[in-house]
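Each chain, written out:
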Amino acid sequence: MTLKFAPNKYVYRSIVLTGILSTKIFRMPVLPSGLENLPADEEIHGLNRTVVPGKGAVVAITHFGYLDFVFAEYLVWKKLKAHMRFLVTKKAARKPFVKAVCQMCEHIIVDRSDGAGAYAESVQALRRGEYLAVLPEAGVSRSFSVRKLKTGAVRMAAEAGVPIIPVSVWGSHRMLTRGGHGLSLKSVWKNPVRIHVSPMIRVAPDASVTEETELLQKTLQAGMDHCIDTYPVKPEPGAWWMPVSRGGSAMTVQEQIILDEQDREKYKITG
């Protein structure tokens, strides 16, 4: 018999508060900018955002490390008290604990080899007034530059009639990312994280999905450039956590494209 857990906002809230406490324990400066671009008309009562039909949004987040979503949620919750609904891969949700958390937090499980079901569920959540967190790069960018995006974020926003909130996160990849850069006390202790919220993008129903997706990519990269320019840690020459275009030794975009194609073949099996 498979257990199924009911949605529980207190479980979600405890996870968020634990994350906020962790930034204080490890003395991690979280440095936001562009907060004026977040919605200013939300109904917030205490620690609760009122979910109202027509007030949903797609929150498009860059993906350079495995903790980027944590800091995006940190910011959105602190400013708007929103419990974002995340798209979680079928592969990750095979773990009983992850699946239970997804159920209690009302996250959406997506099969990367066939995402039609998750897409429909996401549009329904957006119309209901939820904030849906999307990592449109569909995987960690090993070049530490915003790679070509999937079109799902733009298509969902257009179909649900909601805006896209672009969020660029820089610095959390220094804590945990692909390529053997694992989580440790040294990697998190006093590690700054920069977050920039760019102006919202509103997609007309008849807009070109390709053009709007390219606009979103450029917007996220511009936000990332701003984060890098204002990051309080000066990298050493050839730093592994900096893109080649900035004098770092990260993977090149061309190398990444080859490996990304290999990953897509794996997704057909792992989901």
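Criteria and cut-off values
Residues numbered from 1 in each chain as written. Predicted model: local features only at pLDDT ≥ 70, side-chain atom pairs only at ≥ 80, totals over all residues. Heavy atoms only, no water. Buried < 20%, exposed > 50% of the residue type's maximum accessible area, 1.4 Å probe, protein only. Helix = DSSP H or I, 4+ residues; strand = E, 2+ residues; numbered from the N terminus. Contact = heavy atoms within 4.5 Å. Axes fitted to C-alpha atoms, helices over the stretch in contact; angles between N-to-C directions. Parallel < 35°, antiparallel > 145°, perpendicular 65-115°, else oblique. Left-handed = near helix turned anticlockwise from the far one by under 90°. Nonpolar A, V, L, I, M, F, W, Y, C, P; charged D, E, K, R; others polar. Core = buried A, V, L, I, M, F, W, Y, C linked by side-chain atoms within 4.5 Å. Salt bridge = Lys/Arg side-chain N within 4 Å of Asp/Glu carboxyl O.

Can you walk me through helix α4 (residues 96–105) in this structure?
Among all positions of α4, only A100, V101, C102, Q103, M104 and C105 are buried. Packed against the buried residues of α4 are α1 (9–25) and β5 (85–89). Residue E106 follows α4 closely and has a positive phi angle near 60 degrees.

Looking at this structure, I do not really get the packing of helix α5 (residues 116–128) against helix α6 (residues 152–160). What am I missing?
Packed helix pairs are specified by the crossing angle of their axes together with the interaxial distance, meaning the distance between the axes. It is at 9 Å that the axes of α5 and α6 come closest, and there the two elements cross at 45 degrees. The angle between α5 and α6 places the two elements in the oblique class. The two elements α5 and α6 meet at a crossing, and its hand is right-handed. For the pair α5 and α6, the contacting residues are Y119, S122, V123, L126 and R127 in the first and G152, R155, M156, E159 and A160 in the second. Within the contact of α5 with α6, the residues separate by chemical class into 5 nonpolar, 2 polar and 3 charged.

Quick question: what am I supposed to make of the nonpolar core here?
Generally speaking, a soluble globular protein has its nonpolar side chains buried in company with each other. Grouped together as the largest cluster of nonpolar side chains are 36 residues, with contacts concentrated most on V58, L126, M156, I164, W170 and L216. Broken down by secondary-structure element, the contributors of at least two residues to this core are β4 (57–61), β6 (108–110), α5, β7 (131–134), α6, β8 (164–170) and α8 (209–229). For this core, the leading source of residues is α6, giving 6 residues. Ignoring sequence-local partners within four residues, the contact set of M156 consists of Y119, S122, V123, L126, L132 and V134.

Help me understand the pattern of salt bridges in this model?
Where side chains of opposite charge bring their charged atoms close, a pairing between them can arise. Within the structure shown, the criterion is met by 10 salt bridges. When the shortest N-O distance is used, the salt bridge between E42 and R49 registers 3.0 Å. With respect to class, E42 is no different from R49; both count as buried. One salt bridge in this structure joins K90 and D111, with 3.6 Å as the shortest N-O distance. With K90 in helix α3 (residues 90–93) and D111 in the loop between β6 and α5, the pair connects residues that are 21 residues apart, well separated along the chain. Residue classification places K90 among the partly exposed positions, given a relative accessible area of 36%. Given the relative accessible area of 18%, D111 is considered buried. Among the charged side chains, a salt-bridge network with shared partners connects R85, E106, R128 and E130.

These figures capture arrangement, not role.
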